[in-house]
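# Structural description and commentary
Chain residues, written in single-letter form:
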Amino acid sequence: MSKSLHRTVVPSSRRALVAALAVTALIGSLAACTSSPTNPEPSEVAIVDGGEIVIGAEQEPDCADWIATCGGSIWGTWIMQIPTLPGVFQTRQSDGEWVPEPSDLVTGEPEVVVADDGTQTITYSINPEAVWSDGEPITSADFEYTALQIRDGDDIFDKTGYDRISAIDASDPATVTVTLDSPYAGWRTLFSVYGIMPAHLLEGQDRAAVMADGYDFSGGPWKIENWTRGTSVTLVPNENYWGEKPHLDKVTFLFLPDTTAAFQALKSGQVSVLYPSPQLDALTQIDAGLPGIQSQVDARSGNLEAIWLNNAAAPFDSVAVRQALAYSIDRDAIVKRLFGSLGIDKAQQSFNSPMVAPFASDDFSQYGLDLDKVDELMEGDGWKKNSDDVWAKGGETATFSIKTLAGNKRRDLTVQVLQSQLADAGFEMTIDQVTPADLFGTIAPQGDFQAGIWALVDTFPDPTLSSTFSSVNIPSEANGFSGINFYRTDIPGLDDLLGQVDSEIDTDARISVSHEADALIAENVPSLPLDTVPNVLLWSDKVGGPEINPVDGPFWNLAEWGLAG
C-alpha cells in the first residue's frame, strides 16, 4: 500500500453526522454477517514492563526519508515514522469518531487566522518539555527546516499545503508562525502527516543520504536500533521521550511479504502480531476462531484499492478506452467475492474513501458490466477486434500489463478475475508482480507502467484528492520527480476544482465542490476505484494493547503495548 498524504477533516457537526451514519451501516452489516471478530479492550489485559515481541510486517519500505518519493510505502510510516518523528496532530477516538487532536508536541490547538487579503497564518506553541533523543529541545527551527525541505526540495512525495507557505517566523524557539499565501482547509496536515525533523542534526547535511537506511535520532517514544534490509527493523525505547514511555524493551518488525507464510508465523508463535491485508482464507479462519489469537476487524477504513491507469501510456491515453475498461469489469462481483463474508459487497464509487464519506459522490456507479457500451466506445475510438477477439488499432492491440505486489493472495485472485472479465470484453491483460520498493520507489514515480493495483491509505482524515489527481503533482524532471499523481492525470478543469476543495473554508461549499470534482473524475476515469479494504489486526493473547486506529495505523499506541502479566 502507498500512502495518500492529505485527507484531513475540519470537524463539523454535519460532517461528523454523515460520517457516523456511513460507518454505522458498514459495521452493522459486518456484525450481521460474522460471529467474530472479538474486540477486546486493551485495558482488559494486564501487562508487565519489559520483554520484547516480534511483529510481522507485510511490506518493507524503500527508504526512511519520509518526505521523499522513496518513502511512499505506508508500512514505513507505520513501523518507523510514527514511532520516532513527532507531529502536531494525531488521530484519536472521541465520542466514537476518529478525529485530529493536538499531540503533546504542542501546548494545544494552534491559532489560525485568515486575513482580509486571503493569507492564512498558523501559530504553533511548542511544548517546552519536547526534546530530541539527544536531549536537544524541539524548537521552531525544526518546523522551519522541515517546511522548507518539503516546499523547496526535489523528489518530494507530496508538497500539497507546503507549496502555499510564503513565510515562516521562527524567531522565538518556542513558537513558530507559518504564513500561507492562500487559505488552506487542510492546514492540520502540515507538520502532522510527515512529522518534524531535527534541524540541528540535518541542516547542511544530505538529508536523503542520512535517512536512507534509517536514522538514530528520535522525537517519539521509540528509536530505530537497526534496519537489516530484507529482514527486519528493530525499535527500542527513546529514553529521553517526554511522554509515556514504552512498556516493552524491544519490538522487531519481521518482513513477511507472503501472506500465507505470515499467517503460519502467527499461528506458530514466530510472530505475535499481524496486520494483514484481508485474505479469503484468513477471514475464514478468523471467523472460525483461532486458539490463542485475538482479532479485531474494522470496516472503517481509509484503505482505498483501485485499478490505477497511466493516462500518458497507451492504451489508456484515450478517455474512451478508459471508459470502456470501466464498462468491462463487474466490480461488485469482485468485491463480493473478496469481502462478501464481511458483508461488504458493493464497489467503492469515489476516490474519496469512507473516512471522508461526506465529500464523496457515487458517480462511478454509472459504470457496471456492459459489453455493448464497451463495443460502442471502442469502435467509436477507431478500434476493431482482430482474429484473436482483441481490440486493435493502428497495428497495436489493447494489450496491457498490470503491476501487482508479489505474495498477496487477495490481489492475486483479484487480477485473475480481472484478467478473465477483460478478456471477455476484448482486452488482453498480463500480470507483472513487483516488490513494494520497486513499485513505489521507481516504477510508479517514473510512470513506467500501464496499469497497477494497489491501495492508497489515508494518513489523515481530510478530503483532498489534489495530491492524487492535480496535474501539478505529476512527477517529472521539471519538478524534481515530486508528487504522487503517478497516473499522469491531466483533466481540463479538474485542477481548479481540486484547488477549491483545498482552499474552501466553508464546509458545505467544500462538500459541494468536492462532489463537482468527483463527477468530473468519474467522467474521465483516470483510474477505477475498486474497494475499501477492511482493517484486520491479529495478535497473541500473550500481548496486551493492540487496537486498530483506521488512520494512524496499527502501531499508533505501540508504547502502550506489553506482555500479558
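Under an unreviewed UniProt entry, the chain has the name Peptide/nickel transport system substrate-binding protein and belongs to Microbacterium saperdae.

So, about the state of the cysteines. What is meant by a disulfide is a covalent connection between two cysteines, made through their sulfur atoms. Applying the stated criterion across every chain, the model contains one disulfide. Note that cysteine 63 is cross-linked by a disulfide to cysteine 70, the S-S spacing being 2.1 Å. Between cysteine 63 and cysteine 70 the sulfur-sulfur dihedral comes to about 80°; the bridge is accordingly right-handed. Here the two residues cysteine 63 and cysteine 70 agree in accessibility, since each one is buried.

Once that is clear, we can look at the packing of aromatic side chains. Within this structure, the stated rule accounts for 29 aromatic pairs. A ring pair is formed by tryptophan 75 and tryptophan 78, whose centres lie 5.2 Å apart and whose planes are at 75°; its orientation type is edge-to-face. Of this pair, tryptophan 75 and tryptophan 78 are both found in helix α2 (residues 74-84), three residues apart, which corresponds to roughly one turn of the helix. For the residue pair tryptophan 75 and tryptophan 78, the accessibility class agrees, reading buried in each case. Every member of this aromatic cluster is reached through a ring pair, and the members are Trp308, Tyr327, Phe351, Phe364, Tyr367, Phe440, Phe449, Trp454, Phe469, Phe486 and Tyr487. The lysine or arginine in question, arginine 229, covers the ring of tryptophan 227, its NZ or CZ lying 4.0 Å from the ring centre.

Ordered by their spatial adjacency, three strands build an open sheet running β2-β25-β24, and the pairing between neighbours is antiparallel. Each edge of the open sheet carries a strand with a single partner, namely β2 (47-48) and β24 (543-544).

With respect to the helices and strands, the residue asparagine 238 is situated in the loop between β11 (232-237) and β12 (250-255). What asparagine 238 contacts, discounting residues up to four positions off in sequence, is Ser133, Ser218, Gly220, Pro221, Trp222, Lys223 and Lys245. Engagement of the side chain of asparagine 238 in a polar contact is seen with the backbone nitrogen of asparagine 240, the distance being 3.0 Å.

Along its sequence, the chain is carved into domain 1 (46-64 + 72-83 + 220-297 + 535-564), domain 2 (85-213) and domain 3 (303-532). Placing a centre on the C-alpha atoms of domain 2 and another on those of domain 3 gives a separation of 32 Å. In this complex, domain 2 contributes 21 residues to the contact, which on the side of domain 3 involves 20 residues. Between domain 2 and domain 3, the buried area comes to about 1500 Å², and carbon and sulfur atoms account for 60% of it. It is Phe157, Thr160 and Ala185 in domain 2 that bury the most area against domain 3; as a group they hold 28% of the surface buried on that side. In this structure, the connection of domain 2 to domain 3 is made through zero salt bridges. On inspection of domain 2 and its partner domain 3, the count reaches 10 residue pairs in polar contact (both at pLDDT 80 or more). Looking at the side of domain 2 that touches domain 3, the elements with two or more residues in it are β4 (89-94) and β5 (97-102).

Each neighbour pair has its own omega, and for alanine 314 with proline 315 the value is 5°, a cis peptide bond. Structurally, proline 315 is set in the loop between β15 (303-309) and α8 (319-328). Backbone geometry at phenylalanine 481 places phi at a positive 55°, although glycine is not the residue there. With respect to the element layout, phenylalanine 481 can be found in the loop between α13 (466-469) and α14 (494-503). By relative accessible area, phenylalanine 481 is classed as partly exposed at 33%. Residue valine 525 is not a glycine yet carries a positive backbone phi of 45°. Since its relative accessible area comes to 1%, valine 525 is described here as buried.

Calculation rules
- Every residue gets a number counted from 1 within its own chain, in the order that chain's sequence is written.
- Per-residue local features are limited, in this predicted model, to residues with pLDDT of at least 70; the limit for side-chain atom pairs, both in listing and counting, is 80 or more; totals at the level of whole chains, interfaces and linings are taken over all residues.
- Heavy atoms throughout the structure, all of them, feed into the side-chain values; hydrogens and water do not.
- Disulfides are defined as pairs of cysteine sulfur atoms found within 2.5 Å of each other.
- Think of it in three bands: with a 1.4 Å probe and only protein chains considered, a residue is buried below 20% of the maximum accessible area for its type, exposed above 50%, and partly exposed in between.
- Under the pairing criterion, centres of Phe, Tyr and Trp rings, with the six-membered ring standing for Trp, must be within 6.5 Å; the plane angle then separates stacked pairs below 30 degrees from edge-to-face pairs above 60, leaving the rest tilted.
- Helix and strand definitions here come from DSSP, where helices need a minimum of 4 consecutive H or I residues and strands a minimum of 2 consecutive E residues; each element is numbered from the N-terminal end.
- By definition, being over a ring means that NZ of Lys or CZ of Arg is both within 6 Å of the ring centre and within 35 degrees of the ring normal.
- Strand pairing is assigned whenever DSSP detects at least two bridges linking the two strands.
- When checking whether two residues touch, look at their non-hydrogen atoms; a contact exists if any pair is within 4.5 Å.
- Here a polar contact means two N or O atoms within 3.5 Å. Within protein one must be a hydrogen donor candidate and the other an acceptor candidate, and residues neighboring in sequence count only if both atoms are side-chain atoms.
- What counts as a domain boundary in this text is fixed by an automatic or database domain assignment.
- A 1.4 Å probe defines the accessible area here, and the buried area is the portion of it lost by two parts on being joined, summed over both.
- Salt bridges are counted wherever a side-chain nitrogen of Lys or Arg sits within 4 Å of a carboxyl oxygen of Asp or Glu.

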